[in-house]
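Topology and contacts: notes
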Amino acid sequence: MQSPIIVDAERAAAATPIHLVPSGGALPEGAKTLADRQQFDGGLDQIAHFEGGVLIGAGDGRDPLALGTASMRLPHGDYRLAELPGGVQTDLAVLGFALGAYRFTQYVADRGAAPTLLIDDAQLADDANTKASAARLSRDLINTPAEDMGPDALETAVRDLGERFGADVSSISGPTLEAGFPLIHAVGRAADVPPR
């Protein structure tokens, strides 16, 4: 999966601006008529498109990850932050967008790319993408049905991650598992794939 947060000034110049608007907050110029037509009032999870970009509802403005819902629902394309309401930290807004860009695609034909947020801070982009990547791995493991995520598949995922980061990984199975972890052994002993 492509990283949802990218640093690219050239692409950012042409990206669609995102305006995070709290309930009852001021709208950017040119947005009022379309916001009224779309019944956009800044409520959390609301999205309204207008000629000058996209309005994203921030609700009471206290949810630092409000952009996460937006990135789940925005169409593929390049976006940039136009403005954030006071009190919303940029790093959490960017992380929210990155987390919301998650797509579970293991059993689905290509659903198209997730939206991309273009920012100008490489450290912030790296941090958000790293955290989102960790969350993506966890979500993929959780979303995979048990019939495809047995002990062997989970061990493979852990070993792959360990190899990627240079960690030593060991697994306990068979008689050693039965002696040291009898309850785990008892629960899984009749399974087609033995516990570990």
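Whatever comes next refers back to the structure up there.
So, how was this worked out
Think of each chain on its own: its residues are numbered from 1, step by step along the sequence as written. Predicted model: local features are reported for residues with pLDDT of at least 70 only, side-chain atom pairs are reported and counted for 80 or more only, and whole-chain, interface and lining totals are derived from all residues. In computing side-chain values, all of the structure's heavy atoms are included and hydrogens and water are not. A 1.4 Å probe rolled over the protein chains alone gives each residue an accessible area, and that area as a share of the maximum for its type sets the label: buried under 20%, exposed over 50%, partly exposed in between. Working definition: helices are DSSP H or I runs of at least four residues, strands are E runs of at least two. Numbering for both runs from the N terminus. Whether two strands pair depends on DSSP finding at least two bridges between them. The criterion used for residue contact is that any of the two residues' heavy atoms lie within 4.5 Å. Helix axes are fitted only over the stretch in contact, all axes being lines through C-alpha atoms; the angle between N-to-C directions runs from 0 to 180 degrees. Like charges are joined within 9 Å and nonpolar side chains (Val, Leu, Ile, Met, Phe, Trp, Tyr) within 5 Å, but only among residues with over 30% relative accessible area and no salt bridge; these make up the patches. Only the protein chains shown count as cover for residues, with accessible areas throughout obtained via the Shrake-Rupley method and a probe of 1.4 Å. One speaks of a salt bridge when a side-chain nitrogen belonging to Lys or Arg is within 4 Å of a carboxyl oxygen belonging to Asp or Glu.

**Structural notes on the pairing of strand 2 (residues 16-21)**
Two faces belong to every sheet, and in a regular strand the side chains alternate between them. Within strand 2, five of the six residues are buried, leaving the element largely enclosed by the surrounding structure. For strand 2 and strand 5 (residues 78-83), the ladder comprises four bridges, and the chain directions are parallel. Opposite isoleucine 18, over in strand 5, you have leucine 81 as the bridge partner. Bridge count between strand 2 and strand 4 (residues 53-57): four bridges; the pairing is parallel. Within the sheet, the bridge partner assigned to valine 21 lies in strand 4 and is glycine 57.

**A closer look at the environment of proline 64**
Inspection of the secondary structure puts proline 64 in the loop between strand 4 and helix 3 (67-73). Sequence separation of proline 64 and glutamine 123 is 59 residues, and the distance between their C-alpha atoms is 19 Å. Once residues within four sequence positions are removed from consideration, proline 64 is found in contact with Leu92 and Ala93.

**Quick look at the sheet that holds strand 6 (residues 116-119)**
Read across the sheet, six strands follow the order 1-6-5-2-4-3 without closing on themselves; strand pairing throughout is mixed. The outermost strands of the open sheet, each flanked by one partner alone, are strand 1 (5-7) and strand 3 (47-50). On average, each strand axis in the sheet is tilted by 35° relative to the strand beside it, whichever way the strands run. Bridge count for strand 3 against strand 4 is four bridges, and the pairing is antiparallel. Looking at the pairing, isoleucine 47 lines up with isoleucine 56 of strand 4. Seen against the sheet, helix 4 (residues 90-100) touches strand 1, strand 2, strand 5 and strand 6 and runs at an angle of roughly 155° to strand 6. Contacts from helix 5 (residues 122-143) reach strand 1 and strand 6 within the one sheet, and its direction differs from that of strand 1 by about 160°.

**Observations regarding a nonpolar patch on the surface**
Together, Leu137, Leu161 and Phe165 give the surface a local cluster of nonpolar side chains, amounting to about 280 Å² of exposed area. Mapped onto the fold, leucine 161 is located in helix 6 (residues 151-165).

**Topic: the pattern of salt bridges**
Within this structure, the stated rule accounts for six salt bridges. The salt bridge involving arginine 62 is made with aspartate 60; its shortest N-O contact spans 2.6 Å. The exposure class of aspartate 60 is exposed, given its relative accessible area of 52%. In this structure, arginine 196 engages glutamate 155 in a salt bridge whose closest nitrogen and oxygen atoms are separated by 2.7 Å. With a gap of 41 residues between them, arginine 196 in the segment after helix 8 (182-188) and glutamate 155 in helix 6 connect regions that are remote in the sequence. Note on arginine 196: relative accessible area 34%, which makes it partly exposed. Looking at glutamate 155, the relative accessible area reads 17%, which means it is buried. Through salt bridges that share partners, Glu155, Arg159 and Arg196 make up one connected network.

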